[in-house]
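The lines below spell out each chain.
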Amino acid sequence: MSVYDLLAKMGMGQLPEGYNKKIHGPYNPARYYGKPDIPLGQVKIKELGPWLARRNKDPVSIARLMSRGYHRWSQKYILARTGGLAGYTQLLVGISLFFYTINYCKYANHRNYKYHW
Amino acid sequence: MLSRFALNSSLPRVTCIRTCAVANTGDSGVERLIPAPTYPSKKAEQSPERDTKNFPRVKRPDEPGKCRLFFIPEEYFQFFYPKTGVTGPYVFGAGLMTYLFSKEIMVCEHEYYAGLTFALVIYMGIKLAGPELQTAINNGVKEEDDKYRNLKSNAVEVLEESIKDEKHAQWQAQGQKLLFDAKRENVAVQLEAAFRERQMAVYRAVKNRLDYKLEMDNVTRRFQHHHMVNWIVSQVRKSITPELEKKSINQSIQDLKNLAARV
């Protein structure tokens, strides 16, 4: 078994299971082809636990989630016909937040006040 | 016609790619490492299995998604509206930031101020050069769009022209029907002429033979007649003796005398 076959068995480079070309037409990488759950925006606080429990948490699913998110964002803000700054500003803000988060331990040393009421 | 030709000529190529992709799979039971090309086709889109209502084709948006404050998506604000009204998201944002700053969860160290300065400079840059840059970029996009649109419209034009030519040719072919009829009639006339000619030839041949036969009969009869006459004359001559001659001459003289007396 070659490395490629192994990766393919793990699901890399493969179409997702729910996708059927005859029904769904051309493949859209931004779309989830499984059974849709309630959108996060409509979930009640008390339903949040079960909702989170229903998520797939294996690495392939998480990778697919991130891929879908990237494609959805890209199709909405970057690939539009006329240009706009929103996507790039979001990218800047996102990068800032990311690096702020990973460097937070360092920044925390720069606090000016010892006590907060 | 052209399109059909193009389709026919492109089909073997597509199937080749398909088979190549399938041939790539190896024997490990993995169906396909490189997915076969999913060319969108009109036929597949119109098949009864296709669910175009829930899974429509992706359409490229003309404008990017709407944002407020440069980067916060409009949808986040819409999410607040049913519960909090239009000021809700701003109050929430301001409150959150106040909380973060107040408790120094969001630490304002030197890089934070550097970031603020960058943001200010970028904002000024956008305000100064933004509109011009936007027009230039949009013009570039438009140019590219027009390029492909022209390619498409030119191709459509050419194909429509060829369809028109084809229809014209069909119309001309219909006009040929008259000519075909005339030619057919011509051929019929020629056939009739040849038939009559041959009939004439047959008639002549038969007539010649009959004429020959008649002539033969005539000649035979004439010869027979001639021969008979000769024979009879010779026999008669042979039978005439001098006495008989003398007697006949006397008889003749007598007859003449009788005639003379009567006259």
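That block above? That's the structure.
Let us look at the structure shown here. (Residues numbered from 1 in each chain as written. Chains lettered and ligands numbered in written order. Predicted model: local features only at pLDDT ≥ 70, side-chain atom pairs only at ≥ 80, totals over all residues. Heavy atoms only, no water.)

Quick look at the packing of aromatic side chains
Here the distance between the centres and the angle between the planes together describe a pair of aromatic rings. Residue and element names in this part refer to chain B. Selection rule: Each Phe, Tyr or Trp ring (for Trp, its six-membered ring) is paired with any other whose centre lies within 6.5 Å, and the angle between the two planes then decides the class: stacked below 30 degrees, edge-to-face above 60, tilted in between. Think of it this way: any DSSP run of H or I at least four residues long counts as a helix, any run of E at least two long counts as a strand, and we number them from the N terminus. Think of it in three bands: with a 1.4 Å probe and only protein chains considered, a residue is buried below 20% of the maximum accessible area for its type, exposed above 50%, and partly exposed in between.
Applying the stated criterion to the full structure yields 14 aromatic pairs over all chains. Judged by centre distance (5.8 Å) and plane angle (70°), the rings of Phe101 and Tyr112 are edge-to-face. Residue Phe101 is found in helix H4 (residues 88–102), and its partner Tyr112 is found in helix H5 (residues 110–239); the two are separated by 11 residues along the sequence. Classification of Phe101 as partly exposed rests on a relative accessible area of 28%.

Regarding helix H5 (residues 86–102) of chain A
Heads up, the rule is: Here the expected span of a helix is defined as 1.5 Å times the quantity of residues minus one. Here, the arc refers to the directions that run from the helix axis to the C-beta atoms. Contacts are residue-level and defined by heavy atoms, with any inter-residue pair within 4.5 Å sufficient.
With 17 residues, H5 of chain A should reach 24 Å at 1.5 Å per residue; the first-to-last C-alpha distance of 24 Å fits that figure. All of the buried residues along H5 of chain A are Ala86, Gly87, Thr89, Gln90 and Tyr100 of chain A. Projected onto a plane normal to the axis of H5 of chain A, the buried residues spread over an arc of 155° and lie on a single side. Where H5 of chain A is buried, its residues meet helix H4 (59–78) and helix H6 (104–107) of chain A together with strand S1 (67–68) and strand S2 (72–73) of chain B.

Regarding a negative patch on the surface
Quick note on the threshold: Surface patches are drawn from residues lacking salt bridges whose relative accessible area is over 30%; two like charges belong together within 9 Å, two nonpolar side chains (Val, Leu, Ile, Met, Phe, Trp, Tyr) within 5 Å. Reported accessibility uses the Shrake-Rupley method at a 1.4 Å probe radius. Residues are deemed covered only where the shown protein chains occlude them. Take a side-chain nitrogen of Lys or Arg and a carboxyl oxygen of Asp or Glu: if they are within 4 Å of each other, that pair is a salt bridge. Residues counted as positive are Lys and Arg, residues counted as negative are Asp and Glu, and His and the chain ends are not counted. Positions of charges follow a simple convention, taking NZ of Lys, CZ of Arg, CG of Asp or CD of Glu.
Where like charges cluster on the molecular surface, the negative patch consists of Glu157, Glu160, Glu161, Asp165 and Glu166 of chain B. Positionally, Asp165 of chain B belongs in helix H5.

Observations regarding the interface of chain B and chain A
Stated formally: Defined in terms of a 1.4 Å probe, buried area is the accessible area two parts forfeit on being brought together, summed over both. Between N or O atoms, a polar contact is any pair within 3.5 Å; within protein, one atom must be a potential hydrogen donor and the other a potential acceptor, and residues adjacent in sequence are included only when both atoms are from side chains.
Taken residue by residue, the interface counts 51 residues in chain B and 42 residues in chain A. Interface area for chain B against chain A, summed over the two sides, is near 4000 Å², with a carbon-plus-sulfur share of 55%. Where chain B meets chain A, there are three salt bridges. A salt bridge links Arg81 of chain A to Asp145 of chain B; the nearest nitrogen and oxygen atoms lie 2.7 Å apart. At the junction of chain B and chain A, the tally comes to 19 residue pairs in polar contact (both at pLDDT 80 or more). Take the side of chain B that touches chain A: its biggest share by element is nine residues, from H5 of chain B.

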